[in-house]
Every structure is written in structure tokens, then in C-alpha cells.
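Close look at the chain arrangement
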Amino acid sequence: MDDKFDIQEYMTRGVERIVADSLKATLRDPRESAFMVKFAAASRKASKMRAEAEKAGEHIPPFLIASITSKCNLHCAGCYSRCNHATEDKEPERQLTGDEWLTIFREAGEMGVSYILLAGGEPMLRRDIIKAAGKMQNIIFPIFTNGTYMDEGYFRLFDECRNLVPVMSIEGGKEETDIRRGAGVYDKLIANMDAFYDKGLLFGVSVTVTTKNVEEVISKDFLDTLESRGCKLVVFVEFVPVTEESEELAPGEDERNILKNGIARLRKEYTEMVFVSFPGDEKSSGGCIAAGRGFFHINSHGGAEPCPFSPYSDINVKNTSLREALHSPLFTALQEQNVLMEDHSGGCVLFERRETVEALLAESIVR
């Protein structure tokens, strides 16, 4: 790792670019643009808060991932969450309540967090939590959803609360999407997009990039389909294998280069859309940005984890503050021992080095 790399500066520039791109993408919608202008001011204030904390010796990431439920109605092929037993068909009783999540959201805002990604399971099963998130206008909540629970009540909520941005999962065209997510899912997603377009509402999509679909998801046909329906955000997530059977789907160096070059092209050709890649090129970001460097994850039971692909926790927000969870012994060890900067074959370094993570977790618990 380059000793001159500044994670705070890198993350600040990244947030500023997302805000600037989002503002540009909403210029034709007066209500959306008005919200983005207000959020830009809130984002600058949050960035200043993080910078002041950095000077005082505390690093605060701008992103938080919140898995607000472990229940999901789909059984997507190769789902990391089900393979890690983090997603189930039924809602366990021990999950965080709506009030507990609202406390987390408020504390995150007070710390300077600008984005809280709502995930699951299927997050739209927790309408109470999404409504609570809508009240926190200084934070944008991208909602990573399979799209099957979209209804008129949600359309009204998204119209009233412009800080809630549904991001629907799609795998490319109809064949790829339905093979992975189930018959009829693609048609439901397209119907949702058309409804968002007709109602003038902001939405995005999340694409799991595999060796099978990498060319398709950066193709003109696919992007034109999204653009024509008003999509403003595309999040590319590299597939992380959690079983030996799914390893062939994980992008290698060739596929990651195809994706990287494709995104660079898309940003020039589709100027009214925002493109984000995760994990992207970790070399340019000084290594993995999980475990509090750029973001961290709170699971549906309150456990603070490095990221959704690395479901290990030694501290729970039910028993402590969000700030204390951010500085857990496990997160601290991962950063201080440079595990996040280790070389790896691609995808998720923490998943690839899970034996190291498990050893550090055991040490942190002993302490």
C-alpha cells in the first residue's frame, strides 16, 4: 500500500462525485433536483464532520449497510446471504425493532454518515423501517430490493420522501434475470420501472456481475432499456462465490477489466445516469474499504460486521452505541494488521481470507 494514500480524501472525493452525478442526473425533474440541492448541502456538512473527526484521530466512513431483515421470498441461485444463513424464509423474533433501527439511523447521521444502504433479506418487507428512514432527509437511503413487493403505497412513500431510492436487482435481460431470480421476475421489474417513469420517481438497479453476464450488462441494448425507462443509478456488484459450485461465476481479471473499461465508457455515453462499482478496483482505493474504512455492515440482529460478504461480528448495537461498534476489536485488527490491503485473486478479500478473519474474531472475543 502507498503510504501517501489518504482514505478520508479518497472517500470524500467519491461521495462528492456521486452527489454531483446525482444532481446532474436529476436536473430535468424539479422536485428531485430540489431535493438533491438540499442533500448536497447536507453532504458537505457531513463531510466536514468526518474531516473534523479525522483530525481528532477518529475515522468515520460515509457509508453504512443495514440489513433490516433476514426474511426473503426469493431463492436466487448462488445467493451469498442464504449460503451464509443470513437470509431465511421466516422472520426470526430476535431481529432489531423499528425503534432500534431508527436509533441507529439517527446516530449514523450525527456521526456524519451520508448514505445508508438498506438491504436484507428483502428490505421492503419492513415498511415501518423504510417509513422511519424517509424522515431523515439528511441521509440518502438506497433500498436494495428484488422489486416483488412494489405497490401503490410504496410509490406514494417514494414520492413524499425523495431520500428513499429503490435499487432493484436485475441480472441483464429476461433470460439471465429469470434463470437466477425466478420466472416472471424480469417482467415485474420492467413493470415497476415503467410505473416509476410514469410517476416521475427516481430509481436505480443493482446488477450482480458474473462470468456469464458481464458483456450483457454493459451492452448498449441493456443500458438503453434502463435509460428509456428513466433509470438514474446502476450499481455493479461483482459476484462473490460462497460455495465451490458457484466459483465459476466469479469474475476473474479479464472480466474485471471488461467491467472497468465498460463503466468508463458508460459514464461518457449515458451522462444522465450514475454508475457505481463494488468492490471495483481495490488498488485505486488503497485496498478493501470494508470494516469501517469506507463502510461497515449491521446485520438484522444488530451485529456489526465488516461487510455482508464477511458475516463475522464481535459486538452488537443492542448492547452498545454505533460509534463503539465501528471501533470494535475485530474492525481494528483488520485495519491495523493490513488484512484489507492483502493481495487476492479478486472479488472480496475478506471472503478469500476468511480463515484469517475467523482467527482475528476468536482473538477479539477472548479479549
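Keep in mind it's a predicted model, so treat the numbers as computed, not measured.

Here is what the cut-offs are and how they apply
- Residues numbered from 1 in each chain as written.
- Predicted model: local features only at pLDDT ≥ 70, side-chain atom pairs only at ≥ 80, totals over all residues.
- Heavy atoms only, no water.
- Helix = DSSP H or I, 4+ residues; strand = E, 2+ residues; numbered from the N terminus.
- Rg over C-alpha atoms; globule rule 2.2 N^0.38 Å.
- Buried < 20%, exposed > 50% of the residue type's maximum accessible area, 1.4 Å probe, protein only.
- Contact = heavy atoms within 4.5 Å.
- Areas by Shrake-Rupley, 256 points an atom, 1.4 Å probe, with all protein chains shown as cover.
- Lys, Arg positive; Asp, Glu negative; His and termini not counted.
- Charge placed at Lys NZ, Arg CZ, Asp CG, Glu CD.
- Axes fitted to C-alpha atoms, helices over the stretch in contact; angles between N-to-C directions.
- Parallel < 35°, antiparallel > 145°, perpendicular 65-115°, else oblique.
- Left-handed = near helix turned anticlockwise from the far one by under 90°.
- Nonpolar A, V, L, I, M, F, W, Y, C, P; charged D, E, K, R; others polar.
- Phe/Tyr/Trp six-rings, centres within 6.5 Å; stacked < 30°, edge-to-face > 60°.
- Lys NZ or Arg CZ within 6 Å of the ring centre and 35° of its normal.
- Core = buried A, V, L, I, M, F, W, Y, C linked by side-chain atoms within 4.5 Å.
- Expected span 1.5 Å × (residues − 1).
- pLDDT = per-residue confidence, 0-100.
- Arc of directions from axis to C-beta.
- Polar contact = N/O pair within 3.5 Å; in protein donor to acceptor, adjacent residues only side chain to side chain.
- Pairing = 2+ DSSP bridges.
- Right-handed = clockwise from strand over helix to strand, strands pointing away.

What follows is about the overall build of the protein chain. If you tally the helices and strands in the protein chain, you get 15 helices and nine strands. For 367 residues, the compact-globule estimate of 2.2 N^0.38 gives 21 Å, and the protein chain sits close to it at 19 Å. Overall, the protein chain is about 55 × 45 × 45 Å in size when its C-alpha atoms are taken along their principal axes. Counting every position in the protein chain, which comprises 367 residues, the buried fraction comes to 56%. Sequence separation of at least 24 residues holds for 71% of the intrachain contacts in the protein chain that already meet a minimum separation of 6. Total accessible area on the protein chain is roughly 16500 Å²; 50% of this is exposed by carbon and sulfur atoms. Positive and negative side-chain charges of the protein chain, numbering 44 and 59 respectively, have mean locations separated by a distance of 6 Å.

This next bit is on the packing of helix H5 (residues 127-134) against helix H6 (residues 152-160). Running from amino to carboxyl end, H5 crosses H6 at an angle of 15°, the nearest separation of the two axes being 10 Å. As far as their axial angle goes, H6 and H5 are roughly parallel. When you trace H5 past H6, the crossing you get is left-handed. Taking contact as the criterion, the partners of Arg127, Ile130 and Lys131 in H5 are, on H6, Gly153, Tyr154 and Leu157. Taken together, the residues that form the contact of H5 with H6 break down as three nonpolar, one polar and two charged.

Below, the discussion takes up the packing of aromatic side chains. In the structure shown here, the tally under the stated rule is 13 aromatic pairs. Summarising the aromatic geometry, the rings of phenylalanine 155 and phenylalanine 196 are spaced 5.1 Å apart at their centres and angled 80° between planes, so their arrangement reads as edge-to-face. One end of the pair, phenylalanine 155, is in helix H6; the other, phenylalanine 196, is in helix H8 (residues 185-199), and 41 residues separate them in sequence. In terms of burial, phenylalanine 155 and phenylalanine 196 fall into one category: buried. Taken together, the ring pairs in this structure connect Tyr154, Phe155, Phe158, Phe196 and Phe203 into an aromatic cluster. Just above the ring of tyrosine 154 sits the side chain of arginine 127; from NZ or CZ to the centre is 4.1 Å.

Here the focus is unusual backbone geometry. The peptide bond linking glycine 120 to glycine 121 adopts the cis configuration, its omega dihedral lying at 10°. Looking at the secondary structure, you find glycine 121 in the loop between strand S2 (115-119) and H5. Residues other than glycine seldom take positive phi values, yet asparagine 338 does so here, at roughly 60°. By relative accessible area, which is 41% here, asparagine 338 ends up partly exposed.

By size, the foremost hydrophobic cluster in this structure holds 119 residues, and its most contacted members are Phe105, Ile116, Leu118, Val234, Phe236 and Ile298. Not counting residues within four places of it along the chain, the set of residues in contact with isoleucine 116 comprises Leu64, Ala66, Phe105, Ala108, Ile139, Ile140, Phe141 and Pro142.

Here H8 contains 15 residues, and its C-alpha end-to-end distance of 21 Å stays within 8% of the 21 Å for a straight helix at 1.5 Å per residue. Among all positions of H8, only Val185, Tyr186, Leu189, Ile190, Asn192, Met193, Ala195 and Phe196 are buried. Buried-residue contacts for H8 involve H6, strand S4 (164-169), helix H7 (174-181), strand S5 (204-209) and helix H10 (220-228). Where H8 terminates, the next one or two residues include glycine 200, which has phi positive at roughly 70°.

With that out of the way, let us pick up the side chain of serine 328. When you line up the elements, serine 328 lands in the loop between helix H12 (322-326) and helix H13 (329-336). For serine 328, a relative accessible area of 0% gives the class buried. Among residues more than four places away in sequence, those in contact with serine 328 are Asp314 and Ile315.

Turning next to the confidence of the model for the protein chain. Averaged over every residue, the pLDDT of the protein chain is 89; the share at 70 or more is 92%. When pLDDT is averaged over each helix and strand of the protein chain, the minimum, 72, is found for helix H3 (residues 80-83) and the maximum, 98, for strand S8 (residues 297-298).

Attention now goes to the environment of glutamate 107. Looking at the element boundaries, glutamate 107 is found in helix H4 (residues 98-111). Judged by relative accessible area, which is 18%, glutamate 107 ranks as buried. Note: C-alpha distance between glutamate 107 and isoleucine 170 (63 residues apart in sequence) is 32 Å. Setting aside residues up to four positions removed in sequence, glutamate 107 forms contacts with Ser321, Leu322 and Arg323.

Attention shifts here to H6. Among the residues of H6, Tyr154, Phe155, Leu157 and Phe158 are the ones counted as buried. Down the axis, H6 shows its buried residues gathered within 160° of arc, on one side only. For H6, the exposed residues lying more than 90 degrees away from the buried face are Arg156 and Glu160. In the core, the buried residues of H6 are packed alongside H5, strand S3 (141-145), S4 and H8. Among the residues of H6, the N-terminal cap falls to aspartate 151, whose side-chain oxygen and the backbone nitrogen of glycine 153 are separated by 3.1 Å.

Once that is clear, we can look at the pairing of S4. In terms of burial, S4 is largely enclosed, as six of its six residues are buried. Neither face of S4 is exposed, since Leu164, Pro166 and Met168 on one face and Val165, Val167 and Ser169 on the opposite face are all buried. The sheet contact formed by S3 and S4 spans five bridges and is parallel. When the sheet's bridge partners are listed, isoleucine 143 is paired in S4 with proline 166. Handedness of the crossover is the feature at issue here: the chain leaves S3, passes through H6, returns alongside S4, and the resulting connection is right-handed. Where S4 meets S5, three bridges bridge the pair, whose relative direction is parallel. Of the residues in S5, the one forming a bridge with valine 167 is glycine 204.

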